[in-house]
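Okay, here's what each chain looks like letter by letter:
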Amino acid sequence: MLHNSAHRIMSTQPQHHEVAILGAGPAGLTAAIYAARARLDTVVFEGPQPGGQLTITTEVENYPGFEHGIQGPELMDIFRRQAQRFGARSIYETIVRVDFAQYPFLLWSDTGTLYSADAVIIATGASAKRLGVPGEQEYMGYGISACATCDGFFFRDQHVYVVGGGDTAMEEALFLTRFARQVTIIHRRQEFRASKIMQERVRSNPKIDFLLDTVVEEFLGEARDGTRRLTAIRVRNVRSGAEQVLPADGVFIAIGHQPNTEIFRGFLEMDEQGYILTHPKSTHTNIPGVFACGDVQDRVYRQAITAAGSGCMAAIDAERWLEARRHGKD
Ligand code: NDP
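Cut-offs applied
Residues numbered from 1 in each chain as written. Predicted model: local features only at pLDDT ≥ 70, side-chain atom pairs only at ≥ 80, totals over all residues. Heavy atoms only, no water. Disulfide = S-S within 2.5 Å. Buried < 20%, exposed > 50% of the residue type's maximum accessible area, 1.4 Å probe, protein only. Near = heavy atom within 4 Å. Polar contact = N/O pair within 3.5 Å; in protein donor to acceptor, adjacent residues only side chain to side chain. Areas by Shrake-Rupley, 256 points an atom, 1.4 Å probe, with all protein chains shown as cover. Nonpolar A, V, L, I, M, F, W, Y, C, P; charged D, E, K, R; others polar. Salt bridge = Lys/Arg side-chain N within 4 Å of Asp/Glu carboxyl O. Helix = DSSP H or I, 4+ residues; strand = E, 2+ residues; numbered from the N terminus. Core = buried A, V, L, I, M, F, W, Y, C linked by side-chain atoms within 4.5 Å. Contact = heavy atoms within 4.5 Å. Axes fitted to C-alpha atoms, helices over the stretch in contact; angles between N-to-C directions. Parallel < 35°, antiparallel > 145°, perpendicular 65-115°, else oblique. Left-handed = near helix turned anticlockwise from the far one by under 90°.

*Asks:* I would appreciate a short explanation of the state of the cysteines in the present structure.
*Replies:* A disulfide bridge is the covalent bond that connects two cysteines by way of their sulfur atoms. On inspection of all chains with the given rule, the structure shows one disulfide. In this model C147 forms its disulfide with C150; the gap between the sulfur atoms is 2.1 Å. On the sign convention where negative means left-handed, the S-S torsion of about 80 degrees between C147 and C150 marks this disulfide as right-handed. Free of any disulfide, C293 has its nearest cysteine sulfur in C312, 9.9 Å distant. A residue is classified by how much of its surface remains accessible, and C293, at 0% relative accessible area, is buried. Residue C312 is classed as buried on the basis of its relative accessible area, which comes to 16%.

*Asks:* Just checking my understanding: could you explain the site of the ligand for this structure?
*Replies:* In the vicinity of the ligand lie 14 residues, with D167, T168, R188, R189 and R193 positioned nearest. A distance of 3.0 Å is found between a nitrogen atom of the ligand and a side-chain nitrogen or oxygen belonging to E171. R188 has a polar side-chain atom sitting 2.9 Å from an oxygen atom of the ligand. Its free accessible area being 910 Å², the ligand has 69% of it covered by the protein chains. Of the residues belonging to the shell around the ligand, the class tally is two nonpolar, six polar and six charged.

*Asks:* Can you help me understand the pattern of salt bridges in this one?
*Replies:* If the charged atoms of two oppositely charged side chains come close together, the side chains can form a pair. A complete count under the given rule lists twelve salt bridges for this structure. Notably, a salt bridge pairs R299 with D271, separated by 3.1 Å at the nearest N-O pair. Here the residue R299 occupies a position in the loop between β19 (290-292) and α8 (304-326), and D271 occupies one in the loop between β18 (257-259) and β19, the gap between them amounting to 28 residues. For R299, a relative accessible area of 36% translates into the label partly exposed. The structure contains a network of salt bridges with shared partners spanning E18, E323 and R326.

*Asks:* For this particular structure, what's the right way to read the nonpolar core?
*Replies:* Across soluble globular proteins, you tend to see nonpolar side chains buried next to one another. Core analysis: the biggest nonpolar cluster contains 35 residues, and I21, Y63, L75, F79, I121 and F291 have the highest contact counts within it. For this core, the elements supplying multiple residues, two or more each, are β1 (15-22), α2 (26-37), α3 (72-85), β8 (114-122) and α8. Broken down by element, the residue count for this core peaks at eight residues, all from α8. When neighbours within four sequence positions are excluded, F291 is seen to be in contact with A119, V120, I121, I122, T283, H284, T285, A314, D317, A318 and W321. Ranked by size, the runner-up nonpolar core spans 22 residues in total, among them V98, F100, L107 and V290.

*Asks:* Sorry, what's going on with the packing of helix α6 (residues 167-176) against helix α7 (residues 196-203) here?
*Replies:* The packing of two helices is summarised by the inter-axis angle and the distance between the axes. At a minimum axis separation of 10 Å, α6 and α7 run at an interaxial angle of 30 degrees. Judged by the angle between their axes, α6 and α7 are roughly parallel. As α6 packs across α7, the resulting crossing turns out to be left-handed. Judged by residue contacts, D167, M170, E171 and L174 of α6 engage M198, R201 and V202 from α7.

Below you can see the structure in the form of structure tokens.
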């Protein structure tokens, strides 16, 4: 649960650590494995979603090393245990405020505790935007997904919907045609925001059709075989107001992602969408000693394996930076 930080900040003596990692998805936990194994005193602030986005997916089939696939939450538990084996410590708090103008860097958590760190690795990830309609939360992971690459395979020969009109929606729809019998794109307007080339590809694909000027109002489902499952969606035409309930095997929500970078504004350089900018081929941000890895700085690949790779890079960058600093080279 998030607390009102303004009222809870009370501690003044910071608890100090060499490396503070913010976020516990594949990027953060891989950074923790490498930092702790390098004998750095390492803490991981698990944040509001311990394990990150993989905890809201079911089976992960494309993470190398797991030939027969693995459940997302289980994979993250393995990452965490591996980090803890080398001495990394998980703190189940969310950092709600930072001060990177001070050194050591200062971090306040939602419990009011003040921490300080010699190096900070930001791995707070990105969150898929949600529609915020009834049933969405309930059936997320049970027929609703925000990642075709992750879950498309489960919808072989089925009829799926993609919500959104940007490049991600087009890309998801095209990818889904490899598996699904039919893909219907639901978009709230007539015009697509997506690039022309993506629109052309989508329009020329015989498996894809469109439901325009339309919004999803509700996700409907049932309990089946001891679990729950999405079965239908209630949609509304925004021009006529007409509503209908459509059978649906799966719905992919592709209305954009949002990097979780709000608390770093004013300190770190970001692009116009709030993704943290890192130096080319490294994880250094504009502030020496602050590093960023995973989806918080990657709007292109967004895969567990690429996040883990950049987490490894961040820990190595941090270790080298701390070492250089110790020898007065920074
Ligand atoms: P965008 O912000 O470009 O598009 C989001 C889409 O979702 C829009 O069509 C928007 O509708 C719709 N939308 C937003 N909120 C809602 C809502 N609450 N209900 C219904 N619909 C909603 O996000 P993308 O993720 O598609 O793309 C992000 C960036 O990444 C873009 O710059 C894109 O070009 C880039 N990208 C590039 C790719 C490539 O080049 N291959 C692949 C994927 C992404 P509306 O248009 O009405 O606002």
